[in-house]
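A structural walkthrough
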Amino acid sequence: MTALLDVKNLRVTFETRKETIKAVRGVSFAMGREKLGIVGESGSGKSVTCRALLGLVRPPGTVTADHLLFDGVELRQSDPRHLQAIRGRRISMVMQDPKYSLNPVMTVGEQIAEAYRIHARASRSEARRKTIEMLEAVRIRRPEQVYDTYPHEVSGGMGQRIMIAMMLIPGPDLLIADEPTSALDVTVQLQLLAIMDDLVQQRGMGLIFISHDLNLVASFCDRIIIMYAGRIMETCPASELHRARHPYTRGLLNCLPQIDTPPGALPVLKRDPAWQDGTP
Amino acid sequence: MKSLSLNNRVTGQGHGLRQWLLSNAPRSRRQARLGRAYQAWLTFSQNRLAMIGLGIIILLVAAAALAPLIAPYPPNAPNLSVRLAPMSAAHWLGTDELGRDILSRIIFGSRLTLYVIVLVAIIAAPVGLLIGTVAGYAGGWLDMVLMRGTDIFLAFPKLILALAFVAALGPGIENAIIAIAITAWPPYARIARAETITIRKADFIKAARLQGAGPTRLVWGHVVPLCLSSLIVRVTLDMAGIILTAAGLGFLGLGAQPPLPEWGAMISSGRKFMLDQWWVAAMPGIAIFVVSLGFNLLGDGLRDVLDPKAEGR
Amino acid sequence: MGVGSQPSAQGNRAWRYGRKLSTLVASVALTFLGLLFVTFLIGRVVPIDPVLAAVGDRAPAEVYERVRIELGLHLPLYQQFFVYIAKVFQGDFGRSVLTANPVTTDILRVFPATLELATAATFFGILLGIPMGVMGAVHQGRWPDQLLRVVGLFGYSVPVFWLGLMGLLLFYGRLDWVPGPGRLDVFYEGILDPVTGVILIDSALAGEWDIFRNALAHIALPASILGYYSLAYISRMTRSFMLEQLNQEYITTARVKGVSERAVIWRHALGNVRIPLVTVIALSYGNLLEGSVLTETVFAWPGLGFYLTKSLLSADMNAVLGGTIVVGAVFIGINLLSDALYRLMDPRAR
């Protein structure tokens, strides 16, 4: 499988007057057109890693890496137009909460149409048509009506579907989903995941799924990366998660109650300070 | 501006008093209070602009207090032989149309400026505080009535309302002070009310009430001290505006009457000679500008220390 | 939960609108009434006897008594207040002692000049202030931001009348770039038929371009001086709003979509900043009405501010109170307008 994305030794550091934060410390991984899950707790650097890929890390943050190759081309280039061509068209990202990630003063349809028109020289009417098609693809009923609504008028689940539509309409090869279901009700979560799964399969895309929910990622993704304190602790196929070896992963697994867990208190994860420094 | 971070300064060599003030485990309320004040001072003093503001204000107070000592000439000594003289070694800022030394008049004028702002602050702030806390604490129709009244005063442009009052009361510095104070209290009432409403719901108020504290004690002892910091910030920032309003009234001839060296009035009398003897009108304006600037800088600095969540005007 | 547009939802919305509107109207009416009350009280505090002011101090007793009854001063205080309110709503502010005209006529004559000045100043503030604020936010900490801070600081510390004088000194006295005080050169006065009272509009309508240019030259300096304060305020607020918006997630979304940085700033962020900015601009306009009192005095600009000042110095209470009420009413009106605009512009508030 040719690597769609090849990351080697990615480091992201934030330097403020008070302190220096090393958010990502030497992360390396590669992926093809598969579903890759990145799991970690808050502060593990999982979001920052993906934002670095899209050039979204702004000063005082600095990004260094041996290479960040997407489809063989280095992502970090001085020409801003290069990045603009990549964003949306080849890699895009769905964020956590549509309440905040959608522009409150533009109609939903306009925002999706904008995503289309940036990368395809299309007329307004054609963009509108494509938008409605896309809204149908994310299983929104009455798409013409929804086109003219504003973000505050739609529910969370619908908002996320709109985000997915907006991010998939330019036809990217890689979709990054940064905790896409964390702000949703459990029932709506599964629906949303099903829609995402379908679309990603249909289009033969790669998907990076970031979450703190180990079970969710295990059931949804093909491979899992586990991050802690800016480093990768372990990588394994989803089917073999229960045979993970790194103590951090085992610790996480042990925190989750299973149906056949013996009664009593769940073990508390003990953090080994060695994980902060050592690379597995 | 390179300065050591607060931590470095603190954990470094601590001697006696300093260490006592910065200790993490104060053993009395007084120690805790003084310690907090000292820390606030440390943060404040790192802000260079705020220190400049403080310096200007100190200069103002010093000028007002020591006026007879530092002014080279008496403020009201006409000397027609040197009228409208330009800046020179004898008269650093020149003389006005009656030959009076402008520098001395500005120095003595600082007393009037201080007089105005102190009185306005003393009148307007407590009134606003009282109305605001009562409205916020009592709630209900009393709140509505008081806030409606506040809104009415806020509906007037301040200078115009002050003008109308002075028109009614007659010109003079005391009337100007009253007029300005009447227009200055509404924002304080609003701030006090907002803070009171937030604090009123706090658990510690309920606890105090359970212990038998009556409303007066609750408001005075608990609510008011917490309102104080945002109020102080606002009052300081308003000072600049009050100085400008007072100068405006003076310019229109409605404040301190001649021959008092009120800065606004000095600009007005210098207006006739603007084109040729520009210093007569320019110098008092610079004084007004510097003092207002001082209060603005000081207020900004205080806001950063005491009330960081308050957003810019 | 989907999108609802059933008839009952629409009816519901209309009902809510109606209620909001009536509360708004009641609130405004109450504030205005309060304004009248305050001016009424101010009028009563005057140490001058209004009857004497009207008839002179050598009038015989019957004339004094007659005028006293005419002015309604024999009625109890609350009744006087009602009469006062009735008169105000009829537009009767009494007669000016100075000009012997009804105050209303005077005000209608002078007010357009103030409007012209305040509007020109606001344009100045908007045209320069918004881009400055945007640049300050985008280049936070660097020189555009520092410049903005300095401009803002000066705007809050420099007295407007002094700045006007210094401006006259420099641009009129020394550089001769602008003509002197007043709205027009004496040469051009009295030629135009006042249609709106705003010389720039009237001269353009009449095709009198010489007059237009002259009026423009005369308004340039006072509008810039007054506009400076508007600039300071608007740019500061724009910067603060922009910083707030640029930190929002939807800006990241826009960047992820591939929107150019320029469009992110000027279309997405500014599109959201516009909304609270409208309120700021309205407030600024109100503040300028205040500032115009002093500016008009410096530039001999025959507007409401100048009128107020002159009336004040002659203790012409009818004129002063009339002017105060008008300014207060305009203030209230502007706040209402900005509120309405806000509701119109923000889809979340509809």
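The residue numbers shown here count from 1 along each chain, following its written sequence. Think of it this way: whatever chain is written first is A, whatever ligand is written first is 1, and the rest follow in order. Reporting of local features is limited, given that this is a predicted model, to residues whose pLDDT is at least 70; pairs of side-chain atoms are given and counted only at 80 or more, and all residues count toward the totals for whole chains, interfaces and linings.

1. What about the overall build of chain B?
To be explicit about the condition: Helical segments are the DSSP runs of H or I of at least four residues, strand segments are the runs of E of at least two, and each set is numbered from the N terminus. Any residue whose C-beta has 12 or fewer other C-beta atoms within 10 Å is treated as exposed, any with 20 or more as buried, and any in between as partly exposed, C-beta atoms being built from the backbone. Contact between two residues is assigned whenever their backbone-derived C-beta positions fall within 7 Å.
Assigned secondary structure in chain B consists of twelve helices and zero strands. Listed by position from the N terminus, the elements making up chain B come as α-α-α-α-α-α-α-α-α-α-α-α. When burial is assessed residue by residue, chain B has 43% of its 313 residues classed as buried. For chain B, contacts bridging at least 24 residues in sequence account for 68% of all contacts bridging at least 6.

2. Here we look at the overall build of chain A
Here is the rule: C-alpha atoms define the radius of gyration, and 2.2 Å times the number of residues to the power 0.38 defines the globule rule.
Along its length, chain A carries eleven helices and eleven strands. Computed over C-alpha atoms, the radius of gyration of chain A comes to 20 Å, within 12% of the 19 Å expected from 2.2 N^0.38 for 280 residues, which places it in the range of a compact globule. With the C-alpha coordinates aligned to their principal axes, the bounding extent of chain A is approximately 60 × 50 × 45 Å. A burial count over chain A gives 41% of its 280 residues as buried.

3. Topic: the confidence of the model for chain A
Note the cut-off: What pLDDT expresses is the predictor's confidence in each residue, scored from 0 to 100.
Put simply, chain A has an average pLDDT of 88, and 98% of its residues get 70 or more. By mean pLDDT, helix H11 (residues 274-277) of chain A is the weakest element of chain A at 73, and strand S8 (residues 174-178) of chain A is the strongest at 95.

4. Thoughts on unusual backbone geometry
With an omega of 10°, the peptide bond running from Pro59(A) to Pro60(A) counts as cis. Mapping Pro60(A) onto the fold places it in the loop between helix H1 (46-53) and strand S4 (61-64). Looking along the chain, the bond that leaves Pro258(B) and enters Pro259(B) is cis, with omega of 5°. Inspection of the secondary structure assignment puts Pro259(B) in the loop between helix H10 (215-251) and helix H11 (263-270).

5. Observations regarding the packing of helix H5 (residues 103-138) of chain C against helix H6 (residues 143-157) of chain C
Residues and elements named next belong to chain C. Put simply, the test is: Helix axes are fitted only over the stretch in contact, all axes being lines through C-alpha atoms; the angle between N-to-C directions runs from 0 to 180 degrees. An angle counts as roughly parallel when it lies under 35 degrees, as roughly antiparallel when it exceeds 145, as roughly perpendicular when it falls between 65 and 115, and as oblique in every other case. Helix crossings fall into two classes, left-handed where the near helix is turned counterclockwise from the far one by less than a right angle and right-handed where it is turned clockwise. In the scheme used here, Gly and all other residues not listed as nonpolar or charged are polar, with Ala, Val, Leu, Ile, Met, Phe, Trp, Tyr, Cys and Pro taken as nonpolar and Asp, Glu, Lys and Arg as charged.
Between H5 and H6, the shortest axis-to-axis distance is 7 Å and the interhelical angle comes to 130°. For the element pair H5 / H6, the angle class is oblique. The handedness of the crossing between H5 and H6 is left-handed. Along the contact surface, H5 presents Met132, Gly133, Met135 and Gly136, while H6 presents Pro144, Asp145 and Leu148. For the contact of H5 with H6, the per-class residue count stands at four nonpolar, two polar and one charged.

6. Quick notes on helix H4 (residues 108-119) of chain A
For H4(A), the tally of buried residues reaches nine of twelve residues, placing the bulk of the element in the interior. Residues of H4(A) that are buried include every one of Val108(A), Gly109(A), Gln111(A), Ile112(A), Ala113(A), Glu114(A), Ala115(A), Tyr116(A) and Ile118(A), and no others.

7. A short note on the environment of Lys206(B)
Residue and element names in this part refer to chain B. Within the secondary structure, lysine 206 is located in helix H9 (residues 203-210). Classification of lysine 206 by C-beta neighbours within 10 Å gives exposed; the count is 11. Each C-alpha atom of the pair lysine 206 and leucine 218 lies 9.7 Å from the other, and the pair is twelve residues apart in sequence.

8. With respect to the interface of chain C and chain B
Taken together, the contacts link 43 residues of chain C with 38 residues of chain B. When residues of the side of chain C that touches chain B are traced back to their parent elements, those giving at least two are helix H1 (7-45), H6, helix H7 (160-174), helix H9 (209-246), helix H11 (261-299), helix H12 (304-313) and helix H13 (317-345) of chain C. Class assignment for the residues of the side of chain C that touches chain B results in 30 nonpolar, eleven polar and two charged.

9. Thoughts on the nonpolar core
The following threshold applies: The term nonpolar core means buried Ala, Val, Leu, Ile, Met, Phe, Trp, Tyr and Cys residues held together as one set by C-beta atoms within 7 Å.
By size, the foremost hydrophobic cluster in this structure holds 250 residues, and its most contacted members are Ile112(A), Ala165(A), Leu175(A), Ala164(B), Ile180(B) and Ile243(B). Sort the elements by how many residues they give to this core and H9(C) lands first, with 18 residues. In this view, Ile180(B) contacts Val120(B), Ala162(B), Ile242(B), Thr245(B) and Ala246(B); residues no more than four positions away in its chain are not counted.

10. What about H9(C)?
Residue and element names in this part refer to chain C. Let me state the cut-off plainly: An expected span of 1.5 Å times one less than the residue number is assigned to each helix. Working definition for bend: take the seven residues up to and ending at a residue and the seven starting at it, fit an axis to each, and measure the angle between the axes.
For H9, spanning 38 residues, the distance from its first C-alpha to its last is only 45 Å, which falls clearly below the expected 56 Å at 1.5 Å a residue. Where H9 bends most, at alanine 220, the angle is about 35°, and the proline proline 222 comes one to four residues later. Among the 38 residues of H9, 28 are classified as buried, and the element is accordingly described as predominantly covered.

11. Section: the packing of H11(B) against helix H12 (residues 279-306) of chain B
Residue and element names in this part refer to chain B. With their axes 7 Å apart at the nearest point, H11 and H12 run at an angle of 155° to one another. In terms of orientation, H11 lies roughly antiparallel with respect to H12. With respect to the hand of their crossing, H11 and H12 are arranged in left-handed fashion. Every residue of H12 that contacts H11 at Trp263, Met266, Ile267 and Gly270 is listed here: Val280, Ala281, Pro284, Gly285, Ala287 and Ile288. Among the residues making up the contact of H11 with H12, the classes are represented as eight nonpolar, two polar and no charged.

12. Description of the sheet that holds strand S7 (residues 91-94) of chain A
Residue and element names in this part refer to chain A. What counts, and what does not: Whether two strands pair depends on DSSP finding at least two bridges between them.
The mixed open sheet is built from six strands, whose spatial order is S7-S8-S9-S3-S10-S11. Strands at the two margins of the open sheet, each flanked by one partner only, are S7 and strand S11 (231-237). Between one strand and the next, the sheet's axes are offset by a mean angle of 20°, whatever the strand orientation. Strand direction decides the pairing type here: strand S3 (residues 35-39) and strand S10 (residues 223-228), joined by four bridges, are parallel. Across the sheet, residue leucine 36 finds its bridge partner in S10, namely arginine 223. On top of the sheet, H1 reaches S3, S7, S8, strand S9 (206-211) and S10; it is set at about 145° to S9, its chief contact.

13. Notes on the pairing of S3(A)
Residue and element names in this part refer to chain A. When you tally the buried positions in S3, you get five out of five residues, the bulk of the element. Across five bridges, the pairing between S3 and S9 is parallel. The residue of S9 that forms the bridge with lysine 35 is leucine 207.

14. Section: the environment of Ala67(B)
Residue and element names in this part refer to chain B. Topologically, alanine 67 is positioned in helix H4 (residues 48-70). Taking the C-alpha atoms as reference points, alanine 67 and alanine 164, 97 residues apart in sequence, are found 33 Å from one another. Excluding residues within four positions of it along the chain, alanine 67 makes contact with Ile107, Phe108 and Arg111.

15. Considering the confidence of the model for chain B
Residues of chain B with pLDDT of at least 70 account for 93%, and the chain-wide mean is 85. Here the prediction assigns the complex a pTM of 0.86, and the interface score ipTM is 0.90.

16. Concerning the pairing of S9(A)
All names here are of chain A. For clarity, the cut-off: Classification remark: right-handed applies to a crossover when, strands pointing away from the viewer, the course from the first strand over the helix to the second runs clockwise.
Across the six residues that make up S9, a large majority, six, are buried. Across the two faces of S9 the burial is the same, with Gly206, Ile208 and Ile210 and Leu207, Phe209 and Ser211 all buried. Where the polypeptide runs from S8 across helix H8 (residues 186-203) and back to S9, its parallel neighbour, the crossover connection is right-handed.

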